[in-house]
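Secondary and tertiary structure notes
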Amino acid sequence: MESSELAPVKLSVSNLTKYFGDLEVLRDVSTNMRRGEFISIVGPSGCGKTTFLRIIGGLEQSDSGEARLDERKISGPGKDRGFVFQQDNLLPWRTVRSNTGIGPEINGEKGPEQHHRIERLLKLVGLGGFEEYYPRQLSGGMRQRVNLARALAVDPDLLLMDEPFSALDAQTREIMQTELMRIWEEGRKTVLFVTHQIDEAVYLSDRVLVFARRPGRIQEVVEIDLPRPRPLSLKRTPQFVAYVDHIWKLIEDDVRASVLEEHA
Amino acid sequence: MTTEAHPRAAKASVPATHRHKTQRHKKASGFWADHGWALTSVAIGLSIWEIISRFLIGNKLFLAAPSQVAVAFVELAGSGELQKHAWVSSLEFFWGYTSACILGVALGLVMASSKIAKQMLDPWVAGLYATPTVALAPLFILWFGIGIFSKIVVVALLVIFPVVINTEAGLRTTSPQLIETVRSFGANRRQIFLKVSLPSALPFIFAGFKLGIGRGLIGVVVAELFGARAGLGQMISQSAETFNMPALFAGVTLLAFAGIAMTSSFSWLERRLIPWRD
């Protein structure tokens, strides 16, 4: 988008390489993210997209190259990033409110102001009134909302999302996509979103990084030039479908190869 | 608000009338539905016991009937004899059990947090847990005398192992995903322990405490059998020596009730302290 053209660089990644033993998971990955940008990463299984996200999150170390967030080199987890995991990973003994507030709590931030912030966040993600529920009392979609609210509660500079909707059924997933868009429009956080669903990536993103596998690397960066806010009906427009087709063609061979491998 | 289906939440917002009905329904059939067959079974068992001992054996030196046990129980309680013994046994159990729980949790923590400690302690814990350590009771009486201290030691020795093992296992099996989640927010080791590992191990630790109750009661009685001035075990052994079967059974019955009472109050406490479990 034009506006993000002007925004300063938030995240800069240069020549990131990562091995798991002998396996080269990521080779020489470089990219930049501007403030307020929504970037998705798609690619076949085993293309290193989750590993890439985990390195940015500080949960894994790269073997060479570096990632900088606002000029600071990333060397471990930090409260400047919020991680939304694929599984909701809510602590079963904590209520919705208490789960959401765990990030600020770890950073030693409490008090009435935090309390109100958590309250507002839970309303924002559509969970007003569920503050005192335990995770086991919630549906999968609701648990993912808590997962998102928890990451937002630390007010991160960068929101990292690892296939957060993949465990949800198709309809819930679509709802969650629109919800995420609504929430994102309110705060315009910088978001790095990993998914294996091409239409999800196109629908949500300003840019899509298409990864290839063996070794994992950026194959192409696709600018998504679609107006915002984006209604779900956009998914049926020719432009949208053209983006999805284009990305699918890029990864098709890789996907076929990975599917064959899994069945071998 | 949310548009997707959420069964639990839906259940909570069921119209009040409906909820009321289901509750009433449960209450109406409540006590008898839950306990009716258990009570019937106990009543039948006691009747058979009564019949056998009265009409088939007919010798209370051999087998006392439940009614005779009840009489003995009342007599012993009336003379204050039962209370005296029960008090001594309670003290032994209390001190042995609590010290074992505290020490057991501490040892479990050490084993969970240090690989070296775990490897060093593992053979001892596994070996001593499997050994019927009550067999060592005479030795402890020899060392620590026939007072209550030797019994406290025996009880503690029996209770500590399930507590250690469960604490360690509970801490070790904490979900790595949950730990990673908290770590992603920058939690340090202490925070990870307090906010994730410990609460997630709590149900395991409680199970260890519960296992300890039965073992602790065995410890009290067996240690007292080998030599004591007072206590239910001592009372039981003395009754056996004088062929006072009703008194013997009175002691055993009291122990059984103590075990049941403690186990069920623990279950109650567990539901209170661990409300997130179904």
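In this report, we go over the structure that sits alongside the text. (Residues numbered from 1 in each chain as written. Chains lettered and ligands numbered in written order. Predicted model: local features only at pLDDT ≥ 70, side-chain atom pairs only at ≥ 80, totals over all residues.)

Side note on the nonpolar core
Here is a general trend for soluble globular proteins: nonpolar side chains tend to be buried in one another's company. Threshold: One nonpolar core equals one set of buried Ala, Val, Leu, Ile, Met, Phe, Trp, Tyr and Cys residues connected by C-beta atoms within 7 Å. Counting other C-beta atoms within 10 Å of a residue's own tells you its class, since 20 or more makes it buried, 12 or fewer makes it exposed, and anything in between is partly exposed; those C-beta atoms are placed from the backbone. Runs of E in the DSSP output that reach at least two residues are strands. Runs of H or I that reach at least four are helices, and both are numbered from the N terminus. All the domain ranges listed were derived from an automatic or database domain assignment. Residues are treated as contacting if the C-beta atoms built from their backbones sit within 7 Å of each other.
Core analysis: the biggest nonpolar cluster contains 76 residues, and V42(A), I56(A), A149(A), L160(A) and L192(A) have the highest contact counts within it. If one sorts the elements of this core by residue count, helix 6 (residues 140-152) of chain A sits on top with six residues. Two domains each donate at least three residues to this core, and these are domain 1 (2-80 + 160-263) and domain 2 (90-155) of chain A. The residues contacting L160(A), other than those within four sequence positions of it, are L53(A), I56(A), G57(A), R81(A), G82(A), F83(A), V84(A) and L192(A). With 55 residues, the next largest nonpolar core counts A100(B), I141(B), I160(B) and I236(B) among its residues.

Some words on the interface of chain B and chain A
The extent of an interface is frequently quoted as the accessible surface area lost upon association of the parts. Operational definition: We call Asp, Glu, Lys and Arg charged. Ala, Val, Leu, Ile, Met, Phe, Trp, Tyr, Cys and Pro are nonpolar, and the rest, Gly among them, are polar.
Contacts between the two partners involve 24 residues from chain B, matched on the other side by 28 residues from chain A. Every element with two or more residues in the side of chain B that touches chain A is listed here: helix 1 (7-12), helix 8 (176-184) and helix 9 (189-225) of chain B. By residue number, the principal contributor to the side of chain B that touches chain A is helix 8 of chain B, which donates seven residues. A breakdown of the residues in the side of chain B that touches chain A according to their chemical character gives eleven nonpolar, eight polar and five charged.

Re helix 7 (residues 148-172) of chain B
Residues and elements named next belong to chain B. Selection rule: By definition here, a helix of n residues has an expected span of 1.5 Å times n minus one. At every residue, the bend is computed as the angle between two fitted axes, covering the seven residues ending there and the seven beginning there respectively.
With 25 residues, helix 7 should reach 36 Å at 1.5 Å per residue; the first-to-last C-alpha distance of 36 Å fits that figure. Along helix 7, the sharpest kink reaches roughly 30 degrees, centred on I160 and followed within four residues by the proline P162. With respect to burial, helix 7 is a largely interior element, 22 of its 25 residues being buried.

Some words on the environment of V182(B)
Inspection of the secondary structure assignment puts V182(B) in helix 8. Placed 13 residues apart in sequence, V182(B) and K195(B) show a C-alpha to C-alpha distance of 8.4 Å. Those residues in contact with V182(B), other than ones at most four positions away along the chain, are I102(A), I106(A), A187(B), Q191(B), I192(B), K195(B) and V196(B).

Things to note about the pairing of strand 9 (residues 207-212) of chain A
Residue and element names in this part refer to chain A. We count it as follows: Two strands form a pair only when DSSP identifies at least two bridges running between them.
Of all six residues in strand 9, five are buried; the element is thus mostly enclosed. Of the strand pairs in this sheet, strand 9 and strand 10 (residues 217-223) are connected by six bridges, and their pairing is antiparallel. Counterpart to A212 in the pairing with strand 10 is R217. Following strand 9, the chain reverses through four residues before pairing antiparallel with strand 10; R214 in that reversal takes a positive phi of roughly 50 degrees.

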